[in-house]
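An overview of the molecular structure
Chain by chain, the residues:
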Amino acid sequence: MPETVGAVLDPLDRPRIGLVLGAGGIRGCAHAGVIAVLREAETPIDLVVGASVGAMFGLAMAAGLPTEYLIRVAREATPLDLFRFYAGRLRFDRRNPISRMLLDAGGDKQFGDLTLPFAVVATDMATGEPVVIDRGPVLPAVQASIALPLVARPVPLHGRFCVDGGLLDTAPHQVAHQMGADRSITVCLGFNYAAPRVLRRRPWAQTALERIGRQRRPLRGRLGDQLRFSCRLCAAAFQPPIPAQDADLVIWPEFNGLNPNSIFGARFCYQQGLAATREALPAIELMLREPAPALLSCPGTPPEEA
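Note that the coordinates shown come from a computational prediction; the quantities given were computed from them, not determined experimentally. (Residues numbered from 1 in each chain as written. Predicted model: local features only at pLDDT ≥ 70, side-chain atom pairs only at ≥ 80, totals over all residues. Heavy atoms only, no water.)

1. Quick look at the nonpolar core
By size, the foremost hydrophobic cluster in this structure holds 75 residues, and its most contacted members are Ile-45, Met-56, Leu-59, Met-101, Phe-118, Val-142 and Ile-185. The greatest single-element share of this core, amounting to 11 residues, is contributed by helix α11 (residues 266-289). Ranked by size, the runner-up nonpolar core spans 9 residues in total, among them Val-20, Leu-47, Val-121 and Val-175. (Core = buried A, V, L, I, M, F, W, Y, C linked by side-chain atoms within 4.5 Å. Buried < 20%, exposed > 50% of the residue type's maximum accessible area, 1.4 Å probe, protein only. Helix = DSSP H or I, 4+ residues; strand = E, 2+ residues; numbered from the N terminus.)

2. Overview of α11
Over its 24 residues, α11 extends 34 Å from the first C-alpha to the last, a length consistent with the 34 Å expected when each residue adds 1.5 Å. Helix geometry: α11 is bent most strongly at Leu-281, by close to 45 degrees, with proline Pro-282 lying one to four residues after it. (Expected span 1.5 Å × (residues − 1). Bend = angle between axes of the 7 residues up to and from the residue.)

3. Considering a positive patch on the surface
A cluster of basic side chains, namely Arg-197, Arg-200, Arg-201 and Arg-202, defines a positive patch on the protein surface. As for its position among the elements, Arg-200 is in helix α8 (residues 197-200). Here Arg-200 falls in the partly exposed class, since its relative accessible area comes to 34%. (Patch = residues over 30% accessible without salt bridge, like charges linked within 9 Å, V, L, I, M, F, W, Y side chains within 5 Å. Areas by Shrake-Rupley, 256 points an atom, 1.4 Å probe, with all protein chains shown as cover. Salt bridge = Lys/Arg side-chain N within 4 Å of Asp/Glu carboxyl O. Lys, Arg positive; Asp, Glu negative; His and termini not counted. Charge placed at Lys NZ, Arg CZ, Asp CG, Glu CD.)

4. Some remarks on the packing of helix α1 (residues 30-40) against helix α3 (residues 67-76)
The contact between α1 and α3 brings their axes to 9 Å, and the two run at 155 degrees. Taken as axis vectors, α1 and α3 run roughly antiparallel relative to one another. In this structure, α1 meets α3 at a crossing whose hand is left-handed. Contact residues: Ala-32, Ile-35, Ala-36 and Arg-39 in α1; Thr-67, Leu-70, Ile-71 and Ala-74 in α3. Its residues assigned to classes, the contact of α1 with α3 shows 6 nonpolar, 1 polar and 1 charged. (Axes fitted to C-alpha atoms, helices over the stretch in contact; angles between N-to-C directions. Parallel < 35°, antiparallel > 145°, perpendicular 65-115°, else oblique. Left-handed = near helix turned anticlockwise from the far one by under 90°. Contact = heavy atoms within 4.5 Å. Nonpolar A, V, L, I, M, F, W, Y, C, P; charged D, E, K, R; others polar.)

5. So, the pattern of salt bridges
With the rule as written, the count across this model stands at 4 salt bridges. One salt bridge connects Asp-124 with Arg-160, and the closest N-O pair in it is separated by 3.2 Å. With Asp-124 in strand β3 (residues 118-124) and Arg-160 in strand β6 (residues 160-163), this residue pair connects regions lying 36 residues apart in the sequence. In this structure Asp-124 comes out as buried when scored by relative accessible area, which is 8%. We classify Arg-160 as partly exposed; its relative accessible area is 36%.

6. Here we look at a nonpolar patch on the surface
Where nonpolar side chains cluster on the molecular surface, the patch consists of Leu-150, Leu-223 and Leu-227 and spans about 280 Å² of accessible area. Mapped onto the fold, Leu-227 is located in helix α10 (residues 223-235). A residue is classified by how much of its surface remains accessible, and Leu-227, at 44% relative accessible area, is partly exposed.

7. Overview of the confidence of the model for the chain
Residue-level pLDDT values for the chain average 87, and 89% of them are 70 or greater. Of all helices and strands in the chain, the one with the weakest mean pLDDT is strand β9 (residues 296-298) (54), whereas strand β2 (residues 47-51) scores best (97). (pLDDT = per-residue confidence, 0-100.)

Here's what the structure looks like:
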């Protein structure tokens, strides 16, 4: 049983805490473990930010879905459920437990209808820049944040075509501070996307990818647009930074090399989220009680990049 870290703190004396749930495919099932430990420890969370799979579990938390519900999805979703979720181009279907969680959390809700302030991060196909979405209908925003290029159709939102929010920054912790958080707890599931090593070894490849990816026609989100965007994405990822380097407190679950694109390992990832967050509780308590900014990483330093 986790110790209680936040129940005795006066809300007026403690910092405002943002929870940032990062991208990482199947590794995102760790978020259910993170949320379970934080809730059991009565850790105060004032706002939530999610990118990619983090947007899915972030919505569930911001909507106030019971912890048991999140755990059940993370532990019991089968590889077939995951395959159907992605093969169905991320369409919401109540027969699928993952889709059902999103529908139960989001339904016809607007962002303002949620229990906690919530924002998702997507990527603008035209510019490659992150887009923070915190207004309007919730489910289209989450769809945009999990829309992998060449897997799901880009989502038109607020005059843009948006795709997956974890492509260039897997853990956008700075968004929590933009929303008013004094401190953030960032769950980082892996490193930022890096172009294939065979391309990074060839100096001319980056320029070639930029040229091939140039968008000469109006963007419509079609297959050709997605291919060109993928080239630009690859060109921008020759020297990706380590994510969450200056975040207040970072939880790095250990996945033993599990590929984020796997459809296996949901239960394992949930358990790793539990373990990493339990280990982080003393540092979280310190952050809640510490008036001055402090950079903390829990547990330890980022794992070695594969």
